[in-house]
Amino acid sequence: TQQALMLEDIQEKQKTITRIGTNSIFDGRYSVERIFNNIKQCFAVIATNNYLYKTAKKINPNTYLIPNGLDLQEWKPNKRVGRHKFIAGFCANISTPEYRDYKGYDYVEQACKELGVELKTALYGEQQIPHDKMREEFYYKISCLVHPTKGEGSSNSIMEALACGVPVITTREAGFHGEMLEDGKNVLFCERDVESVKKCIEKLREDRLLRSRIGKAGRKFAEKYHDVNEMAKQYKQIFE
């Protein structure tokens, strides 16, 4: 199952491997007791970050940590990049007020407005860019990805930006990336407020060398942790 919530519909849980992909599953919106009971009955659990891994491991000993992965031969930095003006990027589902708040869109929008920085978005729904065109039409056109989230499992948006060598601004609550990335080395961590987001964007806008260094280090992080071929080997081992 793609998510542990789907276990409600599975009768033979002992023959099931479930994946836990987001921290929000334990934020109180769902019955934690029922989720734990379902997870306990499964053959195995795949968690996408350390917090979820440690939580699930207490309930089901047959738990594994596997973050999301990408084909890094396709998702790679743009070698033809020119010296375009500084553009911040935001990519998420903000189709409801809850999602909009969770992903921190308003902080990004206001910060860019106050700094006079152009904001390019890729939003779920009407403004959605087809996934096979995201590199050329989004990641290759932005100078940084800004993602002041309340919480993640293993964010696809952050992973894709890292793979493309795009500097990332996010929070320490950003699941796997909040746990594993290092501030000032391969990411800039921000708080969920306009001033903090502004400070990080301005830092990257004013320092091209920092932008380049963080982008290159982000790509190395993706090569170490997000190679889909390695993810596939781990999934195969569990299935077997």
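Reference entry: report on the structure contained in this document. (Residues numbered from 1 in each chain as written. Predicted model: local features only at pLDDT ≥ 70, side-chain atom pairs only at ≥ 80, totals over all residues. Heavy atoms only, no water.)

## A short note on the pattern of salt bridges
At step 1: Under the defined criterion, the tally for this structure stands at 17 salt bridges.
At step 2: In this structure, the salt-bridge partner of Arg-100 is Glu-109, at a minimum N-O distance of 3.9 Å.
At step 3: Residue classification places Arg-100 among the partly exposed positions, given a relative accessible area of 30%.
At step 4: Here Glu-195 and Lys-198 are joined by a salt bridge, their closest N and O atoms 3.6 Å apart. Of the two residues, Glu-195 and Lys-198 both sit in helix 8 (residues 194-206), three residues apart, roughly one turn of that helix.
At step 5: For Lys-198, a relative accessible area of 16% puts it in the buried group.
At step 6: What emerges from the salt-bridge pattern is a single network uniting Arg-100, Asp-106 and Glu-109. (Salt bridge = Lys/Arg side-chain N within 4 Å of Asp/Glu carboxyl O. Buried < 20%, exposed > 50% of the residue type's maximum accessible area, 1.4 Å probe, protein only. Helix = DSSP H or I, 4+ residues; strand = E, 2+ residues; numbered from the N terminus.)

## Description of the sheet that holds strand 5 (residues 118-123)
At step 1: Judged by pairing direction, the sheet is parallel, and its five strands sit side by side in the order 5-4-6-7-8 without closing on themselves. With partners counted over all chains shown, the strands left at the sheet margins are strand 5 and strand 8 (188-189), one partner each.
At step 2: Bridging between strand 4 (residues 87-92) and strand 6 (residues 144-147) involves two bridges; their strand directions are parallel. Looking at strand 6, one finds that Gly-89 is bridged to Leu-145. (Pairing = 2+ DSSP bridges.)

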